[in-house]
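If you want the building blocks of each chain, they are given just below.
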Amino acid sequence: MRAGLKPGPYKFLPMMTSSSAVVCDGCEQTASTEHISRRLQRLEWTTRYRPVHINTLLLGAFSPQDEKDFLYAPGGEFHGEAAHVLDAARISIARKAAEVVHAEFQRAGFFLTHVLECPLDKVAGQGAEPAGLLTKRLEPVATRIRRSLKPKRVVLISGALGPILEKLLALELGCPVVLDNGKLFEFDGDVPENTVARLREALAGSARD
């Protein structure tokens, strides 16, 4: 011991480790550093193309796992949900850079978001847990729609919203909710062409209102 120092009780604070539980504020899932980084990156991409005035808000359940399916990714490869939404919105992707496609979607007054702003953790499975996560996010999402996004209408585009549909419809969103003849537009799986066509008709009607 160095001269002049007196021994005494020492308190050691617990060290933070990578295993410390952190809950993501965009999806209510336990999040790693990589999860948070991915969320912030996708949030940045999405915010860049948010319209000042949103005519139609397209609301899905979970953000897609693959970036090629995530509409606002800058890669320019639009597959899955992204391709279906652009097709329904009549936005051509042929020989266009991603930023051009995004800008056209933005100018048309469309905005796409999800109840869970992150992909569903694969270990959560397909049981009660996804529905529980969606339910926990309903009130924050409703508040965001009413106070921040303020769209003219909301179109539900995910079959995964089925278990919480009644709760979602019971929320005060401040605008009409558009369904597919009382059902959901299921764009989170294999989408038949007639579903794309019906959403195209719904979006066209929304644009005329």
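In case you missed it, the structure is sitting above this.
Numbering of residues starts from 1 in each chain and follows the order in which that chain's sequence is written. Totals for whole chains, interfaces and linings use every residue, but because this is a predicted model, local features are given only for residues with pLDDT of at least 70 and side-chain atom pairs only at 80 or more, for both listing and counting. Water and hydrogen atoms play no part in the side-chain values, which are based on all heavy atoms of the structure.

> Describe the overall build of the protein, naming the residues involved and giving the relevant values.
Only DSSP runs of H or I with at least four residues qualify as helices, and only runs of E with at least two residues qualify as strands; both kinds are numbered from the N terminus onward. Scanning the protein from terminus to terminus reveals six helices and four strands. Each residue's exposure class comes from its accessible area (1.4 Å probe, protein chains only) as a fraction of the maximum for that residue type: buried when under 20%, exposed when over 50%, partly exposed otherwise. Looking at the protein residue by residue over its 209 residues, the buried ones come to 43%. Across the protein, every contact between residues at least 6 apart in sequence was considered, and the portion connecting residues at least 24 apart equals 69%. Counting only carbon and sulfur atoms, one obtains 53% of the accessible surface of the protein, whose full area is about 12200 Å². Residue contacts are counted whenever heavy atoms from the two residues lie within 4.5 Å of one another. Methods summary: accessible areas were calculated by the Shrake-Rupley approach with a probe of 1.4 Å, and residue burial reflects only the protein chains presented.

> Give a detailed account of the pairing of strand β2 (residues 110–116), specifying residues and quantitative values.
When you tally the buried positions in β2, you get seven out of seven residues, the bulk of the element. Paired strands, as defined in this entry, are two strands with at least two bridges between them according to DSSP. Strand direction decides the pairing type here: strand β1 (residues 56–62) and β2, joined by six bridges, are parallel. Paired with leucine 58 across the two strands is leucine 112, which belongs to β2.

> Which residues make up the packing of aromatic side chains, and what values go with them?
Note on aromatic pairs: the rings of Phe, Tyr and Trp (six-membered ring only in Trp) are paired at centre separations within 6.5 Å, and the planes decide the class, stacked below 30 degrees, edge-to-face beyond 60, tilted for the rest. Overall, the coordinates contain five aromatic pairs when judged by the stated rule. With a centroid separation of 5.3 Å and an interplanar angle of 35°, the aromatic rings of phenylalanine 105 and phenylalanine 110 are classed as tilted. No difference in accessibility class separates phenylalanine 105 from phenylalanine 110, as the two residues are buried. Each member of the aromatic cluster is reached from another via a ring pair, and the members are Trp45, Phe70, Tyr72, Phe105, Phe110 and Phe111.

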